[in-house]
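Next come the chains, spelled out residue by residue.
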Amino acid sequence: MDAFTTLTGIAVPLSEANIDTNQICPTRFNKVPRGPRFAQVLLHDRRFNADGSEKPDFILNQEPYRKAVIAVAGRNFGVGSSRETAVFGIITFGIRAVIAPNFGDIFFSNSLKNGMLPVRLPAETVDLLMQQLLNERGAQMTVDLSSQTVTGPDGKTYHFDVEPLSKKRLLKGLDEIEHTLEYGDAIKRFEQGHAKAQPWLVS
Amino acid sequence: MNAASKTLFDKVWDNHVVAVEEDETLLYVDRCLIHEGSRHTFDTLHERGLTVAHPDKVFAFSDHYIPTDPQARARGVSSVPDPEIRNMIELLTSNTAEYGIAKYGWGDEQQGILHVAGPELGLSQPGIVLVGADSHTSTHGAFGNISFGIGSSETTHVVATQTIWQRRPGTLRITIDGALGFGVTAKDIILAIIAKIGIGGAIGYSIEYSGSAIKRMSMNERMTICNMSIEAGGKAGLVAPDDTTYQFLNGRPFAPKGKAWDEALAYWRTLPSDPGAKFSKEVTIDAGRVVPMVTWGTNPEQSLPITDRVPDPAQEPDVEKRTEFNKALAYMDLKPGMPLTDIAVDRVFIGSCTNSRIDDIRAAAAVAKLGHAVVPAWVVPGSESVKRQAEAEGLDRVFTEAGFEWRGAGCSLCTALNGDQLKPGERCGSTSNRNFQGRQGPGGRTHLMSPAMAAAAALRGHLVDVRELARN
């Protein structure tokens, strides 16, 4: 997994609530092997017409947002399906942090496993940042993980919470499976006790 | 409160803790369910040369990509026309064979949707931790366990280590008391709950459903409720195990037998939440006040009683909600204030992991019997076992005589992966779980409802209060 330390760049305002994983990655793209094609998958049916041409009104099809690295969105971002392809789409497009009041739980976990930082900020703060981005096209923002701060277009910083273990993994780009395998003995011990307590689960 | 009082969730969680680091817990996983869509997990296993820790704790189902057209089914995998879809079905076969994982695939008597066939096999048991590579894994919590959906990276982690890192969610108890009215089903109850708490209402919580209405429900009804926990954002959805649970499980292939059954039963009986156990949040619903529900918008909280009208955004005081309503009505092509029963449908879909079990099929058949479908209407049983049972009861003939199509088991038109999908602009009365934009195919429009309501819509060609049909 790629490490996430600090990120500065163009932030795109996705000014709506309830952008579910079906919109982020329409189901039919789940069968696509991971690769560059996922840059087109992101919000595909919102961005493209049936004939494949771009919908010019959609913000990600406009300059300078094609180069966005941060997205600011409304509440319930990423609710719905467990498809990790939703995260593949966002990352492959070039976005490495999404800021929203809250996230679908599975999407949130999937993001962390892929080095994409989901940042939860209070709804009022998100509204404020959204207004600034809408007022100033192409405005830049910074997301800094070690200090747990977001810097808005106006230069003000906002603190965000992040779970300590997730932070450690992201900052160093640690591999979760390797980390867990260090608990190999604890897992073995647990399995022995568990098999004794609930032998009917051992097939 | 007694300090030792624990909720069902607490008991199961505490019983699966392998280690704790910072704010995260390494939880042991008893069972992991996968499907054809799990290709990304196997891709990673291959790339990294990882092994599967316990192949006997992983179970694979062919459901998302398998065709449901009976003729296509008879022709076999090689006849699937789309090479990418065929590839997904074949990959499940080769990948599970490579790692020695049990597979309930094409042609298998137990094939079906993982959340229908899994419980039928007796895999979903009280007290376990079960994960699935699908968000509707919350279904299995109906058996009194912790079950939740995970993405492909977490699935890789689970099959490689038999564990998963989790932050402990809060607990939300939803108490549903009272008797369900005539024509009201478990689907209407869960839609009413989501309408009340919202699609983000349970984010960060594990739900326990309790109350007299839940107590009286069959396992199939409880599964319908738990299935849609994720549509309220819930981590999991649980129901305390009781005699209904044990009767369902007894004799199933993976259920304990003989002495092991007695031991298991003694343990399972200790699991229900202790009296006085504290939940982080409480919600109550009066089941007697719920009437048949339909969704009008583009997410599952946008639902109303069938007796109501399409909402008028101009009447909505909250600006953000007003914008959402306007967008939803534009996508759904509906007029504010029109009676919901004036909404004409082009198609009807009865199926999905929410509503494709035998009770659902029976409920739909009871309505189908009252007339003849005036729009294309599909009935897609959730498993081959449900299909056999329904056929033994003659329900397939009830449907075909009423002009409905009786198909093979799978996810089908719920998620539009196997080629079953709506055309742009088509409107479908559906018993599935998501009315998101494009969920049933690009540009498709979905109205969620119960199986009886969907069958009624097929007979009339528009949304209709099933209670009127059934009374006549």
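Since the model is a prediction, treat every value here as computed from it, not as a measurement.

## Some thoughts on the overall build of chain A
- Looking only at helices and strands, one finds 9 helices and 7 strands in chain A.
- Each of the three principal axes of chain A carries a C-alpha extent, and together these read 65 × 45 × 25 Å.
- The 203 residues of chain A split such that 62% are buried.
- Considering only intrachain contacts with a sequence separation of at least 6, the fraction spanning at least 24 residues in chain A is 64%.
- When the accessible surface of chain A is totalled, it reaches about 8,100 Å², and 51% of it is carbon and sulfur.
- Taking the average place of the 23 positive charges on the side chains of chain A and the average place of its 23 negative ones, the gap between the two points comes to 3 Å.

## Remarks on the interface of chain A and chain B
- Tallying the contact residues gives 62 residues for chain A and 67 residues for chain B.
- Here chain A packs against chain B, burying approximately 5,300 Å² in sum over the two surfaces, 54% of which is carbon and sulfur.
- The tally of links from chain A across to chain B stands at 11 salt bridges.
- Note that Glu-24 of chain B is salt-bridged to Arg-169 of chain A, the shortest N-O span being 3.6 Å.
- On inspection of chain A and its partner chain B, the count reaches 22 residue pairs in polar contact (both at pLDDT 80 or more).

## Re helix α9 (residues 219–227) of chain B
- Counting buried positions along α9 of chain B yields 8 of 9 residues, so the element is predominantly enclosed.
- Among the residues of α9 of chain B, Met-219, Asn-220, Arg-222, Met-223, Thr-224, Ile-225, Cys-226 and Asn-227 of chain B are the ones counted as buried.

## A few points about the sheet that holds strand β15 (residues 347–350) of chain B
Residues and elements named next belong to chain B.
- Spatial strand order, β17-β16-β15-β18-β19: 5 strands in an open sheet with parallel pairing. Taken across any chain shown, the strands that pair with only one partner, and hence form the sheet edges, are β17 (405–406) and β19 (445–448).
- In this structure, β15 lies alongside strand β18 (residues 427–430), joined through 3 bridges in parallel fashion. Within β18, the residue paired with Val-348 across the bridge is Gly-429.

## Regarding the nonpolar core
- Membership of the largest hydrophobic core comes to 141 residues, with the highest contact counts inside it found for Ile-176, Tyr-209, Trp-268, Phe-399 and Phe-404 of chain B.
- Ranked by residue count, the leading element in this core is helix α16 (residues 451–460) of chain B, at 8 residues.
- Other than its neighbours up to four places away in sequence, Trp-268 of chain B contacts Trp-200 of chain A together with Gln-125, Pro-126, Pro-241, Tyr-246, Leu-249, Pro-256 and Trp-261 of chain B.
- If you look at the next biggest cluster of nonpolar residues, it comprises 58 residues, including Ala-11, Val-87, Phe-107 and Leu-145 of chain A.

## Examining the packing of aromatic side chains
- Enumeration over the complete set of coordinates arrives at 18 aromatic pairs over all chains.
- Judged by centre distance (6.0 Å) and plane angle (45°), the rings of Trp-200 of chain A and Tyr-267 of chain B are tilted. Remark: Tyr-267 of chain B occurs in helix α11 (residues 258–268) and Trp-200 of chain A occurs in the segment after α9 (184–197); the pair is interchain, linking two chains. Of the two residues, Trp-200 of chain A and Tyr-267 of chain B, both sit in the buried class.

## Brief notes about the environment of Ser-352 of chain B
- Note that Ser-352 of chain B resides in the loop between β15 and α13 (358–368).
- On the basis of relative accessibility, which here comes to 1%, the residue Ser-352 of chain B falls in the buried class.

## Structural notes on the pairing of strand β3 (residues 97–100) of chain A
All names here are of chain A.
- Alternating residues of β3 divide into Ala-97 and Ile-99 and Val-98 and Ala-100, and every residue in both groups is buried.
- Sheet analysis places strand β2 (residues 70–73) next to β3, joined by 3 bridges and oriented parallel. Across the sheet, residue Val-72 finds its bridge partner in β3, namely Ile-99.
- Handedness of the crossover joining β2 and β3 through helix α4 (residues 85–93) is recorded here as right-handed.
- The handedness of the β3 to strand β4 (residues 117–120) crossover, carried by helix α5 (residues 105–113), is right-handed.

Calculation rules
Residues numbered from 1 in each chain as written. Chains lettered and ligands numbered in written order. Predicted model: local features only at pLDDT ≥ 70, side-chain atom pairs only at ≥ 80, totals over all residues. Heavy atoms only, no water. Helix = DSSP H or I, 4+ residues; strand = E, 2+ residues; numbered from the N terminus. Buried < 20%, exposed > 50% of the residue type's maximum accessible area, 1.4 Å probe, protein only. Contact = heavy atoms within 4.5 Å. Areas by Shrake-Rupley, 256 points an atom, 1.4 Å probe, with all protein chains shown as cover. Lys, Arg positive; Asp, Glu negative; His and termini not counted. Charge placed at Lys NZ, Arg CZ, Asp CG, Glu CD. Buried area = accessible area lost by both parts, 1.4 Å probe. Salt bridge = Lys/Arg side-chain N within 4 Å of Asp/Glu carboxyl O. Polar contact = N/O pair within 3.5 Å; in protein donor to acceptor, adjacent residues only side chain to side chain. Pairing = 2+ DSSP bridges. Core = buried A, V, L, I, M, F, W, Y, C linked by side-chain atoms within 4.5 Å. Phe/Tyr/Trp six-rings, centres within 6.5 Å; stacked < 30°, edge-to-face > 60°. Right-handed = clockwise from strand over helix to strand, strands pointing away.

On their own, these measurements won't tell you what the molecule is for.
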